[in-house]
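Results of the structural survey
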Amino acid sequence: MTTNSKWWQNAVFYQIYPRSFKDSNGDGIGDIRGIREKIPYLKELGIDAVWLNPIYSSPNNDYGYDISDYQSIHPDYGTREEFEEMLREFHSQGMKVIMDLVVNHTSTEHSWFQSSREDPEGPYGDYYIWRDGKASGPPNNWNSFFGGSAWKYDPLRSQYYLHLFDEHQADLNWANTRVRNEVYRIMNWWTSLGIDGFRMDVINMISKDTSFPEDTRVLDPLVVKGTPYFVNGPKLHSYLREMRQKALSGDSEIFGVGECPGAEFDDVLQLSGYDREELDAVFQMDLMEIDHGKGGKWDIRPWSASDFLLRLSRWQQGLDGRAWPANFFANHDQPRPVSRFGNDGEYHYESASMLAVLLLSLTGTPFIYYGEEIGMPNADYLDISDYRDVDTLNFYHYEREKGKTEEELMNKIRYMSRDNARSPMQWTGDEYGGFSQQNPWIPLGRRYKEINVAHDRSGGPSIFAEYQKLISLRKNCPALSHGRFVPLKSEQQVVGFKKLQPEFQPEGDYLIYANMSKERVNVDLSELLSFPPDTAAVELVYSNYKNNQWEKKLKNRKQDLRPYEAYIVRILGDSDKELH
Ligand code: TEU
Ligand code: CA
């Protein structure tokens, strides 16, 4: 049952990290008015919907993922009125807005948490996960994703509370019905303001095994202990069904996409299968883990294009007809894709546009992360004092204590730190990058003078323009957005696949080829195309090289793919018979 009836199935999303997008009042922090100023820019790009990272009240230990009041806007970003104005403006431009919903945990500054620790017998006493310690320490050996134990002792309550992330992010007790109803009430409050959906933070971790067992597996020291007992936990599906009933069912136009680290194929089917009444789509991390070793994200490994294709295929083919994919190469937790999967030096333009071809040819909803449309590279700060991210700083300090060298750690951090993707949007090459009038809260990426929107759009090759073209192409080619995905065998460095025309709008199949390397590679087309060379049956609809030599290539039946060359070809009529 592939449908195209929901708005998000035809939408191209743009993710905004509000703190770093555009500062309107010169305090060095991006804000709501800044986002509003850039609505025309998003419109020009061809965006249909935005996802905003959290803008609620927060002490910012994890920059908004530690919420102290779910119904108020952090003053750094503006006011409720400004938010509503911005929302109206997006809507009047035909764009939707979804918000981050962070309800696995709250900030320890949330009034619920304060009441919970002060008054264990009171109405909030059971809002969090409190346990007595064992003789010599915490209740069990579970770890926080940000390093160290997942338990923190609170001297006031004389108990430990669970925090899967930073110690200022206390996990809510979803086993408590009142907690769940409170979350649904907040969701309904936001949708009644007019927002169009939620991106649900670590939503597959809300249900814990309430016997809190020790994790006895033998693991790499960097691996988080305890995950089998809280990732996709025992009551997850019943909570999500209840959420759908109580907070999402009245209006089937509200989009719910869940961020689900550690969700494997069957989990994703259960979380978002068309018949499941749980989530509309899932962000799974398979592709983002392509360069992770056994020790996780800081255990960095080389990746290959063939593995890239394998990971795309697994989900594109596996979910086909069963669940709707959410596709992304970047977000606020990941390195910049042009630095990770492309080449941010000599082939910056070619590799960034090649990645655009891949992202925008996949079935599902694509999410473009701010700056991706101009190939913003990793911020690449050289000094640890330039980093703001709690995950990065904890890693640095823990590992320094263990005796790792500065150099070894900085090499990892310059590649993998989440701050690589949180630096201010590079609008111009002026001081502060056109982001602010003032020193921003986090330094500009080191290469903002050469890589910025103004320069990209000043007449030379433009990555922005390629995104524009590909977004509009996708809108006119349902095979790209909705078609069945068929991987093609090819050279190691090449990602090739076919997209079949969907039944609801048959207008031809497509071939997509992308060279993910800086070497020239030959792709033998005769294996794939058995059309007479001079029929009009094959049409080049996109190429990221100007001089694409298409006619010649077609005649020779050999594709000489140049560095990071990518193209999309339309095959008119039924290509099934001709291709093997
Ligand atoms: O991230 C969840 C998550 O597990 C990771 O991607 C995490 O950032 C990484 O493992 C750190 O090493 C979500 C948010 O996207 C992230 O920004 C938040 O910090 C986190 O939840 C806690 O709310
Ligand atoms: Ca500001």
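Residues numbered from 1 in each chain as written. Chains lettered and ligands numbered in written order. Predicted model: local features only at pLDDT ≥ 70, side-chain atom pairs only at ≥ 80, totals over all residues. Heavy atoms only, no water.

1. Comments concerning unusual backbone geometry
Residue Ser158 is not a glycine yet carries a positive backbone phi of 55 degrees. Here Ser158 lies in the loop between strand S8 (151-154) and strand S9 (159-162). You can call Ser158 partly exposed: its relative accessible area is 42%. Positive phi, normally seen in glycine, also occurs at Phe212, with a value near 45 degrees. Examined against the element boundaries, Phe212 turns out to sit in the loop between strand S11 (197-200) and helix H6 (236-248). For Phe212, a relative accessible area of 9% translates into the label buried. (Helix = DSSP H or I, 4+ residues; strand = E, 2+ residues; numbered from the N terminus. Buried < 20%, exposed > 50% of the residue type's maximum accessible area, 1.4 Å probe, protein only.)

2. Thoughts on the site of ligand 1
Around ligand 1, the structure places 17 residues, and the nearest of them are Asp62, Asp201, His332, Asp333 and Arg418. Within the side chain of Asp62, one N or O atom sits 2.5 Å away from an oxygen atom of ligand 1. A distance of 2.8 Å is found between an oxygen atom of ligand 1 and a side-chain nitrogen or oxygen belonging to His332. When ligand 1 is considered free in solution it has 490 Å² of accessible area, and contact with the protein chains removes 93% of it. Looking at the shell around ligand 1 residue by residue, the classes come out as five nonpolar, three polar and nine charged. (Near = heavy atom within 4 Å. Polar contact = N/O pair within 3.5 Å; in protein donor to acceptor, adjacent residues only side chain to side chain. Areas by Shrake-Rupley, 256 points an atom, 1.4 Å probe, with all protein chains shown as cover. Nonpolar A, V, L, I, M, F, W, Y, C, P; charged D, E, K, R; others polar.)

3. Overview of the packing of helix H11 (residues 390-401) against helix H12 (residues 406-416)
Packing of H11 against H12 brings their axes to within 10 Å, and their N-to-C directions diverge by 160 degrees. Considered as vectors, H11 and H12 are oriented roughly antiparallel to each other. Considering how the two elements wind past one another, H11 and H12 form a crossing that is right-handed. Residues Thr392, Phe395, Tyr396, Glu399 and Arg400 of H11 form the contact with H12, whose participating residues are Glu406, Leu409, Met410, Lys412 and Ile413. Broken down by class, the residue content of the contact of H11 with H12 amounts to five nonpolar, one polar and four charged. (Axes fitted to C-alpha atoms, helices over the stretch in contact; angles between N-to-C directions. Parallel < 35°, antiparallel > 145°, perpendicular 65-115°, else oblique. Left-handed = near helix turned anticlockwise from the far one by under 90°. Contact = heavy atoms within 4.5 Å.)

4. Some remarks on empty space enclosed by the protein
Overall, the coordinates contain seven cavities of 30 Å³ or more when judged by the stated rule. The calculated volume of the largest cavity comes to roughly 160 Å³. Lining the largest cavity are 14 residues, and of these Gln284, Leu287, Leu312, Asn327 and Phe328 lie nearest its centre. At the level of secondary structure, the elements contributing two or more residues to the lining of the largest cavity comprise helix H8 (305-319) and strand S16 (326-328). The biggest single contributor to the lining of the largest cavity is H8, with four residues. Of the residues belonging to the lining of the largest cavity, the class tally is nine nonpolar, three polar and two charged. In this structure, the second largest cavity occupies an estimated 70 Å³ of space. In this structure, the second largest cavity is lined by 11 residues; those nearest its centre are Asp320, Gly321, Ala323, Pro325 and Thr363. Classifying every residue of the lining of the second largest cavity by side-chain character gives five nonpolar, five polar and one charged. (1 Å grid on protein atoms, 1.4 Å probe; cavity = no way out; pocket = protein on both sides within 12 Å on 5 of 7 lines; lining within 4 Å. Points joined across faces, edges and corners; volume = space filled by probe spheres on them.)

5. Here's the deal with the sheet that holds strand S7 (residues 130-131)
An order of S7-S9-S8 is seen for the three strands of this open sheet, with the pairing classed as antiparallel. Looking at the sheet topology across the chains shown, the edges are occupied by S7 and S8. By the bridge criterion, two bridges tie S7 to S9 in an arrangement that is antiparallel. In the strand pairing of S9, Trp130 is matched with Tyr161. (Pairing = 2+ DSSP bridges.)

6. Let's talk about the domain arrangement of the chain
When its domains are assigned, the chain resolves into domain 1 (7-103 + 195-203 + 230-378 + 422-467) and domain 2 (482-579). Distance between the C-alpha centres of domain 1 and domain 2: 29 Å. With 29 residues of domain 1 in contact, the opposing surface of domain 2 contributes 26 residues. Of the roughly 2200 Å² buried at the junction of domain 1 and domain 2 (both faces included), carbon and sulfur atoms supply 66%. It is Leu309, Met354 and Val357 that lose the most area in domain 1 upon contact with domain 2, and together they represent 22% of the buried surface on that side. Residue Asp320 pairs with Arg484 through a salt bridge whose shortest N-O separation is 3.0 Å. (Domains from an automatic or database assignment. Buried area = accessible area lost by both parts, 1.4 Å probe. Salt bridge = Lys/Arg side-chain N within 4 Å of Asp/Glu carboxyl O.)

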